[in-house]
Amino acid sequence: MENLFIHSIVLKIASRCNINCSYCYMYNMGDTSYLTQPKAISTKTIDQLCLRIKEHRVEHNVKVFNIYLHGGEPLLVGKEKFISIVEKLKGLEDSNFKIKLSIQTNGMLVDREWCDIFIKYSITVGISLDGTKEYNDANRLDFKGNGTYDRVVKGIEICNYKLKNHPFGILTVLNTNSNPTSTYDHFKDLGILGLDFLLLDENYDQFDALNIGKSAQWLIEVFELWIMEKDYLSIRFFEVIIRAVFGGSYHVDLLGSSTNNVLVVETNGAVEAVDVLKICGEKFTKNDLDVFKNQFNDALHNNLAKIYYNSGKYLPKKCLACPVNSVCGGGFIAHRYSSKNGFNNPSVYCEDLLRLITHIQNRVVDEIPEEIKNDTGIEKLTFEEANQIILNELPLIEEPDYIDLLESFRKIEYA
């Protein structure tokens, strides 16, 4: 049996939210299973989770364990309960074991007291904001239909003041209708030092054709602005690609061929594969596994979790033929799904990723000294050349032995 282990969990401490984003994979993409879960995680569940972390840490000799505090909106649990949760998790630490905490919030509830808590417990902070007011408020609304921009920016301003020497950044969902330069300048005007872009969560069953094919050009325009002044603003999406082009390793499930050593723990203690897979259908991630009766090892051998864990390696034949698959890793697994083929598809953003990666690779090659080019073997590769390599190599690729596993999640049967 394959030796699988995790070093991270996404911990859903709240399963409801105080805003209603139109594109939200938790609440607005067809999976209503959150309605059966507690609104907040219980002390009993946290205690059992701590036991499972202890077991896993000992069995697999894990030295550092990452816990991403998520929701819904995680700050809805309130400061007192939040502190209780964090202290139980940090209480697992000893001289040979470190718990690293981070939180992703919509920023609506952030105040100075929350920032003091983040500092005290060394919690890395991410706030979601989709660019300028016009484009943020097109999708990120409260339940009365009002935009959230002004209230989020107030939270960002508090973080900028209170978290000056503390890890803090912005997560933004790319909107191809917005102006790339204006969006980039807007984040700089807000004093943001750390930024990451997410592609809109879409798959072959449901996607907006307007985004497909436009995302690369949007990101390329921002990349060109950023590369000229990258010491000012950290953009993870670009940094990960550059690192991968040079053969570096990293742990991010959106790109690359590294294993995804991550599970999700819901407010009821359920242990599941990555939550974005909820866009694939009702109860898609549900598996009858939880922290009360199962160890993390049990969840890792669930077929869906196994596909996510190996998503950078369990690639369709087209990806195997692609010269940048070690950088791309087939893209995010949720973006590969279709009812017809399960996960045996390239990403819906395949063309965008190929165009962006080849552009960045060529730009980097232009910037580096000749001796580094010789040492690394890195060469220029155009989008057109990459596509021709795929066409030439594809007929030579044998059917991988994991294809049946990828296709086991298809919903449409054929006679």
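Everything below is about the structure printed above this text.
Residues numbered from 1 in each chain as written. Predicted model: local features only at pLDDT ≥ 70, side-chain atom pairs only at ≥ 80, totals over all residues. Heavy atoms only, no water.

> Explain the side chain of Ser-215 to me, please; I cannot follow it from the model alone.
Locating Ser-215 in the fold gives a position in helix H7 (residues 215-227). Residue contacts for Ser-215: discarding those within four places in its chain leaves Leu-174, Thr-176, Leu-199, Tyr-349 and Asp-352. (Helix = DSSP H or I, 4+ residues; strand = E, 2+ residues; numbered from the N terminus. Contact = heavy atoms within 4.5 Å.)

> Any chance you could explain the pairing of strand E4 (residues 123-128) here in plain terms?
Remark: a regular strand shows side chains that alternate across the two faces of the sheet. Burial analysis of E4 places five of its six residues in the buried class, which makes it a mostly covered element. As paired elements, strand E3 (residues 98-105) and E4 share five bridges and run parallel to each other. Its bridge partner lying in E4, Ile-103 is registered against Val-125. In this region the chain leaves E3, passes through helix H3 (residues 112-120) and returns to the parallel neighbour E4; the handedness of that crossover is right-handed. Pairing of E4 with strand E5 (residues 168-173), which is carried by four bridges, proceeds in the parallel orientation. What sits directly across from Ile-127, in E5, is Ile-170. (Buried < 20%, exposed > 50% of the residue type's maximum accessible area, 1.4 Å probe, protein only. Pairing = 2+ DSSP bridges. Right-handed = clockwise from strand over helix to strand, strands pointing away.)

> Sorry, what's going on with the environment of Ile-307 here?
With respect to the helices, strands and loops of the structure, Ile-307 is situated in helix H10 (residues 303-309). What makes Ile-307 buried here is its relative accessible area of 1%. With 298 residues separating them along the chain, Ile-307 and Ile-9 place their C-alpha atoms 16 Å apart. With sequence-adjacent residues up to four places away left out, Ile-307 is seen in contact with Tyr-314, Ile-333, Phe-343, Leu-405, Leu-406 and Phe-409.

> In this structure, what is going on with helix H5 (residues 149-162)? I would like to understand it.
Side chains of residues three or four places apart in an α-helix project in the same direction, reflecting 3.6 residues per turn. For H5, which comprises 14 residues, the first-to-last C-alpha distance of 20 Å matches the rise-based estimate of 20 Å (1.5 Å per residue) to within 8%. Taken together, the buried positions of H5 are Tyr-149, Val-152, Val-153, Gly-155, Ile-156, Ile-158 and Cys-159. Buried-residue contacts for H5 involve H3, E4, helix H4 (133-139), E5 and helix H6 (180-189). (Expected span 1.5 Å × (residues − 1).)

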